[in-house]
Amino acid sequence: MDQELRQLLNKLESLADDLRVFLPKTVSIDWEHTFAAKWRYHETYSTFHPIKNLETYDLEDLLEIDRHKTSLINNTELFCRGLPANNALLWGARGTGKSSLIHAILQKFGDRGLRLIEVEKNYLTEIGVLAEILGTLPYKFVIFCDDLSFDAFDFSYKDLKSALEGSVLTATTNLLLYVTSNRRHLITERQRDNEISGTEDLHEAEAIEEKISLSDRFGLWLAFHPFDQDQYLRVVNHWIQKLAIQYQLTLDTTEDTRKQALQWALNRGVRSGRTAAHFAQHWIGNKLLEQTE
């Protein structure tokens, strides 16, 4: 029985392979009305899945990262004008605004033909396929990979490095790569890597250089760090005031609010824009609840 089942499965797999030949090589999308999509790649075809409810922010709501905003806006402005621009690596602490900034950039430049395509790590090496599909379209595409990282023994980073080293992106004027990561060098370092010094192990040192060189393929680096206490409290106050206007509340923050906000960040282990926004929602929600009791 097991042999018959295996034979049946083999026939079904063979039939599926035959049917793929008749599938469209690329499932297209209406880019005029679709501003963001996810891309999936298969051996014989690729698909775009529209993102209908993309979380976006106004640039004005992303506080304490003015230098980062200026740099990425300028880079994207050059890109949208058809001028030379750099692939960008946004790295640093969680919740500090890396992904939110890229989404805000889309909102700012969307009416000028900018589109966002989210691509998972394992599909990045096929960026040449994307270039073939999108290269002649009258839009500017930011290829966005969120939270990119490689384990110490994941050598697929070499394939991505090769893709970035080639002429795919430089020859295609309407594609740019924006990546976020918690790590500056994208690849986890082993303890032994940190112990290497001088000429102790030249081959190991060369291997470390190979890993670091992936990040060097990005012309623009933007480092995001946790907020200090004052920065964090300013962002907390911003979100409280914004939510208060939204819900038509008249209230003022107090010293107790400040202490609660700091305790909230302490419990989460990071002072960041995301932490501040979450606290503001919690605080405003409780104030609204009090009014209904």
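What you are looking at is a predicted structure, and each value in this text was computed from that prediction instead of being measured.

A.B. asks: Tell me what's going on with the overall build of the chain, and back it up with residues and numbers.
C.D. replies: Per the secondary structure count, the chain includes eleven helices and eight strands. Residues counted as buried form 43% of the 293 residues belonging to the chain. Across the chain, contacts joining residues at least 24 apart in sequence account for 78% of those joining residues at least 6 apart. Just so you have it, the chain exposes about 16800 Å², and 49% of that area is on carbon and sulfur atoms.

A.B. asks: Would you mind going over the environment of Ile 73 in detail, with residue names and values included?
C.D. replies: Relative to the assigned elements, Ile 73 resides in helix H2 (residues 66-80). Contact partners of Ile 73, with chain neighbours within four places excluded, come to Leu 59, Ile 105, Lys 108 and Phe 109.

A.B. asks: Tell me about the side chain of Ser 46, residues and numbers included.
C.D. replies: Topologically, Ser 46 is positioned in strand E3 (residues 46-50). For Ser 46, a relative accessible area of 1% puts it in the buried group.

A.B. asks: Please give an account of the pattern of salt bridges that cites residues and values.
C.D. replies: For the structure shown, the criterion picks out seven salt bridges. In this structure, Lys 242 engages Asp 61 in a salt bridge whose closest nitrogen and oxygen atoms are separated by 2.4 Å. Of the two residues, Lys 242 sits in helix H9 (residues 229-246) while Asp 61 sits in the loop between E3 and H2, which places them 181 residues apart along the sequence. Bridged by salt links that share partners, the residues Glu 77, Arg 81 and Arg 112 form one connected network.

A.B. asks: How would you explain the nonpolar core if you had to name every residue and give the values?
C.D. replies: Within soluble globular proteins, side chains that are nonpolar generally end up buried alongside one another. In terms of nonpolar packing, the biggest core is built from 45 residues, with Leu 72 and Tyr 232 touching the most fellow members. Residues within four places of Tyr 232 in sequence aside, it is in contact with Phe 227, Ala 261, Leu 262, Trp 264, Ala 265, Arg 271, Ser 272, Thr 275, Ala 276 and Phe 279.

A.B. asks: Got a sec to walk through the packing of aromatic side chains? Specific residues and values, please.
C.D. replies: Under the counting rule described, the total for this entry stands at seven aromatic pairs. With a centroid separation of 6.4 Å and 70 degrees between ring planes, the pair formed by Trp 39 and Tyr 123 is classed as edge-to-face. With Trp 39 in strand E2 (residues 36-41) and Tyr 123 in the loop between strand E5 (114-119) and helix H4 (127-134), this residue pair connects regions lying 84 residues apart in the sequence. Residue Tyr 123 is classed as buried on the basis of its relative accessible area, which comes to 15%. Every member of this aromatic cluster is reached through a ring pair, and the members are Trp 31, Phe 48, Tyr 139 and Phe 141. Cation over ring: Lys 108 sits above Phe 109, and NZ or CZ is 5.7 Å from the ring centre. The lysine or arginine in question, Arg 268, covers the ring of Trp 264, its NZ or CZ lying 3.6 Å from the ring centre.

A.B. asks: Summarise the environment of Lys 242; cite the residues concerned and give the values.
C.D. replies: For Lys 242, a relative accessible area of 33% translates into the label partly exposed. The contacts of Lys 242, once residues within four sequence positions are left out, are Asp 58 and Asp 61.

A.B. asks: Explain the side chain of Asp 61 residue by residue, including any values.
C.D. replies: The buried category is assigned to Asp 61, whose relative accessible area is 9%. Within the structure, the side chain of Asp 61 is placed 2.4 Å from the side chain of Lys 242, a separation counted as a polar contact. Beyond its immediate sequence surroundings of up to four residues, Asp 61 is in contact with His 238, Trp 239 and Lys 242.

A.B. asks: Break down H2 for me, with residues and values.
C.D. replies: A rise of 1.5 Å per residue sets the reference length of H2, with its 15 residues, at 21 Å; its end C-alpha atoms lie 21 Å apart and thus fit the reference within 8%. Listed in full, the buried residues belonging to H2 are His 68, Lys 69, Leu 72, Asn 75, Thr 76, Glu 77, Phe 79 and Cys 80. The inward-facing, buried residues of H2 abut strand E4 (88-92), helix H3 (98-109), E5, strand E6 (140-145), strand E7 (175-181) and strand E8 (220-224). Of the residues trailing H2, Gly 82 is marked for its positive phi of about 80 degrees.

Parameters at a glance
Residues numbered from 1 in each chain as written. Predicted model: local features only at pLDDT ≥ 70, side-chain atom pairs only at ≥ 80, totals over all residues. Heavy atoms only, no water. Helix = DSSP H or I, 4+ residues; strand = E, 2+ residues; numbered from the N terminus. Buried < 20%, exposed > 50% of the residue type's maximum accessible area, 1.4 Å probe, protein only. Contact = heavy atoms within 4.5 Å. Areas by Shrake-Rupley, 256 points an atom, 1.4 Å probe, with all protein chains shown as cover. Salt bridge = Lys/Arg side-chain N within 4 Å of Asp/Glu carboxyl O. Core = buried A, V, L, I, M, F, W, Y, C linked by side-chain atoms within 4.5 Å. Phe/Tyr/Trp six-rings, centres within 6.5 Å; stacked < 30°, edge-to-face > 60°. Lys NZ or Arg CZ within 6 Å of the ring centre and 35° of its normal. Polar contact = N/O pair within 3.5 Å; in protein donor to acceptor, adjacent residues only side chain to side chain. Expected span 1.5 Å × (residues − 1).

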